[in-house]
Amino acid sequence: MLRDVATFLERLLGFDPATFDYSWVTAVVVIGAASLLAFVFIALFAGPVTWWERRIAGRIQCRIGPNRVGPQGVLQWLADGIKCFLKEDLVPAAADQGLFRFAPYLVFGGYMATFAVLPFGANLVAADLDVGLLYLLAITGLVVIGILMAGWASNSKWALFGGIRSAAQLVSYEIPSAFSLMSVVLAAGTMSMQGIIGQQGAWPWEWFVFKNPFLFAAFFLSLTASVAEGNRTPFDLPEGESELVAGYHVEYSGMRFLWFMFAEWGNLWVIATIATVCFLGGWQVPGVTPAEIAASTGLAFWGWQALSFAVFVAKASVLVAFVIQLRWTLPRLRVDQLMITCWKYLVPGALLNLAGVLVLLAVVPDQGVADWAIRGATLFLGLALASVFVWKARAGYLADRDLYRRMEGKELWYPPYRLP
Amino acid sequence: MVSAVPPPVGDPMPGRGTGGLKGWIANWARTATTVLDGLAVTMSWMFRRPLTIQYPDKIPQPVQQMLPETYRGILELDVRLCTGCLQCQKTCPIGCIDIVVEKNEAGGRDITRFDIDVSRCMYCGLCSEVCTFAALRHSSEFEATQPDIRNLNLHFVTKPVPVARHKPGEAPPRAPRGSILKDVIPGYGRRPGKAPDGGEKNR
């Protein structure tokens, strides 16, 4: 009888175990494994980075921050996560049940989908699409739908305001973001993430950010627009606690709330990664070319993968720290100021900047004397800016040092590596 | 500060409201410089000593010793100095002080009860103000969590004590601040939450 069923199936579906093409099964398993790896990575990033952010915020505000759960509080995120798990999952009676339940997953899915093209190392990338950057700009549109859905389905005025603000903000800031990333595409001649990295080198003077002054400006424009798209302070109007309680996720609790937070902090990684790939040379390891890495075999190959991963994570972490510090430095903009910033400053600015990049790319031949002169000048500009920053920070510290010693009888010096 | 437009005198935000291309460029320049300034300020705070006092465990000395002399903590009574004048009981707006003074066989007077219900006390300090002999005053103690609120009705007198009759200048020195409460607060010095005797049930 079993044989009869098998024969029937064989006739009906044309299934023959001997000649069956198993490649799609392999593909599904590989895709599943890659998604799982990306998910585990984002979970292990988004969790601890909340603790990191709170520690930085603490020090900026003359506090310490969480340091009780685990050594120096590094397990604080686990405690917070378990707390959210145990909370009741409330759905307001007047909410649109289906949309309300679905929205967090759409938001999280939108962020997760970017990991398809975001590289982690020399060969550590799920899919190196030819249109990687375009895909990245397009797929984040899912997040807008998710946030708008959450705002609408909550059936609360605060949530609706937050959702609509978020939609307006994301749609507006896509434009300067795209303009400034377009200048990178023009410089690299490709939209593939690995291709853009391959066009840069490992040393700072080979990075796109120091290629010319316009790309240097594009780096900051792109970072600003990404921060705005990620709904982070100073552009976190959709959540605006002082006006909207919590914005689009005001009605959410428990696990669904956690998904929003998960996406928000996971997005920190996405912001940092896009900037690293496009401007900071990605995972390039000094002293070795991508072709050499690809040609190596066995242990050496995996060694290079690990090294490139470490380089990439280090660069991205610096940017994450920068974005976190930006959050605790600048106050939130008003809604009209937000729109003015985008439409009157960032959009024309990015457009002019793109024109500047175009002119320089057309006029200055690549790798020529003029090109290297411009690179050197831009690198000098960057170093000068960093020096001014350090000098200003030091001046601010020195202005209070002696007064503090006189008043408190203690030294003011307390660097971040001294853990209280 | 790099600014394309010279700042007008007295304007806290130079270049504000300036229209046209000049104002546009000035705003860009100001954005760049002020964000850099702000980041430099927050970065400098990353290297400064935090103010946080990590109560209760990671501190160099108990918080009770760090508090100022004028801190109004839980009331404490030095019975050796108390004359039983009842001024504190009369002045207490809440009536949380309960004193009983009785005559003894020798013809003198004994304080047989001196209870302060700390759970009702509002720490106004009037009682310590009227206490002429400085018998009653605020300590710097504030940790008195109890499993039963009735434990906070502190009994400063457990067996009859004769009232103080000291000549001027002969009074014994006052007990150190906070030293009396050790014997009065149930489970003093233990971690809050559990009382060894299960708490007092009846008054």
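Residues numbered from 1 in each chain as written. Chains lettered and ligands numbered in written order. Predicted model: local features only at pLDDT ≥ 70, side-chain atom pairs only at ≥ 80, totals over all residues. Heavy atoms only, no water.

1. Thoughts on the overall build of chain B
A count of helical and extended segments in chain B gives 5 helices and 6 strands. Written out in order from the N terminus, the α and β elements of chain B read α-α-β-α-β-β-α-β-β-β-α. Residue burial in chain B is summarised as follows: out of 203 residues, 37% are buried. For chain B, the proportion of contacts with a sequence separation of at least 24, taken over those separated by at least 6, is 75%. With an accessible surface of roughly 12300 Å², chain B has 57% of that area assigned to carbon and sulfur atoms. (Helix = DSSP H or I, 4+ residues; strand = E, 2+ residues; numbered from the N terminus. Buried < 20%, exposed > 50% of the residue type's maximum accessible area, 1.4 Å probe, protein only. Contact = heavy atoms within 4.5 Å. Areas by Shrake-Rupley, 256 points an atom, 1.4 Å probe, with all protein chains shown as cover.)

2. Some thoughts on the overall build of chain A
Secondary structure assignment for chain A yields 15 helices and 0 strands. With the principal axes as the frame, chain A shows a C-alpha extent of 95 × 60 × 45 Å. The burial tally for chain A puts 47% of its 420 residues in the buried class. A fraction of 76% describes how many contacts in chain A between residues 6 or more apart in sequence connect residues 24 or more apart.

3. Focus: helix H2 (residues 23–60) of chain A
Between its first and last C-alpha, H2(A) extends 54 Å over 38 residues, near the 56 Å set by a 1.5 Å rise per residue. At the C-terminal side of H2(A), Cys62(A) shows a positive phi close to 65°. (Expected span 1.5 Å × (residues − 1).)

4. Structural notes on the pattern of salt bridges
All names here are of chain A. Summed over all chains, the structure comprises 18 salt bridges over all chains. Across the pair Asp402 and Arg401 runs a salt bridge whose closest N-O atoms are separated by 3.5 Å. When its relative accessible area of 39% is taken as the criterion, Asp402 is described as partly exposed. With a shortest N-O distance of 2.8 Å, Arg405 and Glu411 are connected by a salt bridge. One network of salt bridges, with partners in common, ties together Arg401, Asp402, Arg405 and Glu411. (Salt bridge = Lys/Arg side-chain N within 4 Å of Asp/Glu carboxyl O.)

5. Description of helix H5 (residues 132–139) of chain A
Residues of H5(A) that are buried: Gly132(A), Leu133(A), Leu136(A), Leu137(A) and Ile139(A). Looking at the buried positions of H5(A), the neighbouring elements they touch are helix H4 (97–114), helix H6 (141–153), helix H7 (157–188), helix H8 (193–198) and helix H11 (254–279) of chain A.

6. Some details on a nonpolar patch on the surface
The grouping of Tyr22(A), Trp24(A), Val25(A), Val28(A) and Val29(A) at the surface amounts to a nonpolar patch, some 500 Å² of accessible area in total. Within the secondary structure, Tyr22(A) sits in the loop between helix H1 (2–13) and H2. (Patch = residues over 30% accessible without salt bridge, like charges linked within 9 Å, V, L, I, M, F, W, Y side chains within 5 Å.)

7. Quick word on unusual backbone geometry
Both trends apply: most residues other than glycine have a negative phi, and most peptide bonds are in trans. In this model, Asn155(A) sits at a positive phi of 55°, which is unusual for a non-glycine residue. Looking at the secondary structure, you find Asn155(A) in the loop between H6 and H7. One non-glycine residue, Tyr123(B), adopts positive backbone phi at about 60°. Tracing the backbone shows Tyr123(B) in the loop between strand S3 (109–117) and helix H4 (126–130).

8. Remarks on the packing of aromatic side chains
All told, the structure shown has 34 aromatic pairs over all chains when counted by the stated rule. Taken together through their ring pairs, the aromatic side chains of Phe41(A), Phe45(A), Phe115(A), Phe120(A), Trp269(A), Phe309(A) and Phe312(A) make up a single cluster. Against the face of Trp372(A) rests Arg375(A), its NZ or CZ located 5.0 Å from the ring centre. It is Arg48(B) that lies over the ring of Trp45(B); its NZ or CZ is 4.1 Å from the centre. (Phe/Tyr/Trp six-rings, centres within 6.5 Å; stacked < 30°, edge-to-face > 60°. Lys NZ or Arg CZ within 6 Å of the ring centre and 35° of its normal.)

9. Considering the interface of chain A and chain B
The interface is formed by 38 residues belonging to chain A together with 24 residues belonging to chain B. For the pairing of chain A and chain B, the buried interface totals around 3100 Å² over both sides, and the portion due to carbon and sulfur atoms is 65%. Looking only at chain A, the three residues that lose the most surface to chain B are Cys62(A), Arg68(A) and Tyr345(A), adding up to 20% of its buried area. In this assembly, chain A and chain B are joined by 2 salt bridges. One salt bridge connects Asp37(B) with Lys392(A), and the closest N-O pair in it is separated by 2.6 Å. (Buried area = accessible area lost by both parts, 1.4 Å probe.)

10. With respect to the side chain of Asn27(B)
Mapped onto the elements of the fold, Asn27(B) is located in helix H1 (residues 20–45). Side chain to side chain, Asn27(B) and Tyr345(A) meet in a polar contact 2.6 Å long. (Polar contact = N/O pair within 3.5 Å; in protein donor to acceptor, adjacent residues only side chain to side chain.)

11. Brief notes about the environment of Cys85(B)
Residues and elements named next belong to chain B. Mapped onto the elements of the fold, Cys85 is located in the loop between strand S1 (75–77) and helix H3 (87–91). By relative accessible area, Cys85 is classed as partly exposed at 36%. For the pair Cys85 and Ala40, spaced 45 residues apart in the sequence, the C-alpha separation amounts to 64 Å.

12. Details of the confidence of the model for chain B
Segments scoring low in pLDDT should not have their predicted coordinates read at a detailed level. For chain B, per-residue confidence averages 81 on the pLDDT scale, and 84% of positions sit at 70 or higher. Mean pLDDT per element in chain B: helix H2 (residues 63–66) of chain B is the minimum at 82, and H4(B) is the maximum at 92. (pLDDT = per-residue confidence, 0-100.)

13. Regarding the pairing of strand S2 (residues 97–103) of chain B
Bridge count for S2(B) against S3(B) is 7 bridges, and the pairing is antiparallel. Paired with Ile99(B) across the two strands is Phe114(B), which belongs to S3(B). (Pairing = 2+ DSSP bridges.)

14. Describing the environment of Glu264(A)
Residue and element names in this part refer to chain A. Among the structural elements, Glu264 can be located in helix H11. On the basis of relative accessible area, Glu264 is assigned to the buried category, the value being 7%. Distance in space between the C-alpha atoms of Glu264 and Leu385 is 30 Å, their sequence separation being 121 residues.

15. As for the pairing of S3(B)
Residues and elements named next belong to chain B. The turn linking S2 back onto S3 is made up of 5 residues, and Gly107 within it adopts a positive phi angle of 90°. As judged from the 2 bridges shared by S3 and strand S6 (residues 161–162), these two strands associate in the antiparallel manner. Paired with Ile111 across the two strands is Val161, which belongs to S6. Pairing between S3 and strand S5 (residues 153–155): 3 bridges, direction antiparallel. For Ile116, the partnering residue across the bridge sits in S5 and is Leu154.

16. Examining the side chain of Asp148(B)
Residues and elements named next belong to chain B. The topology assignment puts Asp148 in the loop between strand S4 (136–138) and S5. Look at Asp148 and you get buried, because its relative accessible area is 11%. Looking at Asp148, its side chain comes within polar contact range of the main-chain nitrogen of Arg150, at 2.9 Å.

17. Side note on the packing of H4(A) against H6(A)
All names here are of chain A. Remark: H4 packs on H6, axes separated minimally by 8 Å, with the N-to-C direction vectors making an angle of 160°. For the element pair H4 / H6, the angle class is roughly antiparallel. Crossing geometry of H4 relative to H6 is assigned as left-handed. Taking contact as the criterion, the partners of Leu99, Phe100, Phe102, Ala103, Leu106, Val107, Gly110 and Tyr111 in H4 are, on H6, Leu142, Val143, Ile145, Gly146, Ile147, Met149, Ala150 and Ala153. When the residues that make up the contact of H4 with H6 are grouped by side-chain class, the tally is 14 nonpolar, 2 polar and no charged. (Axes fitted to C-alpha atoms, helices over the stretch in contact; angles between N-to-C directions. Parallel < 35°, antiparallel > 145°, perpendicular 65-115°, else oblique. Left-handed = near helix turned anticlockwise from the far one by under 90°. Nonpolar A, V, L, I, M, F, W, Y, C, P; charged D, E, K, R; others polar.)

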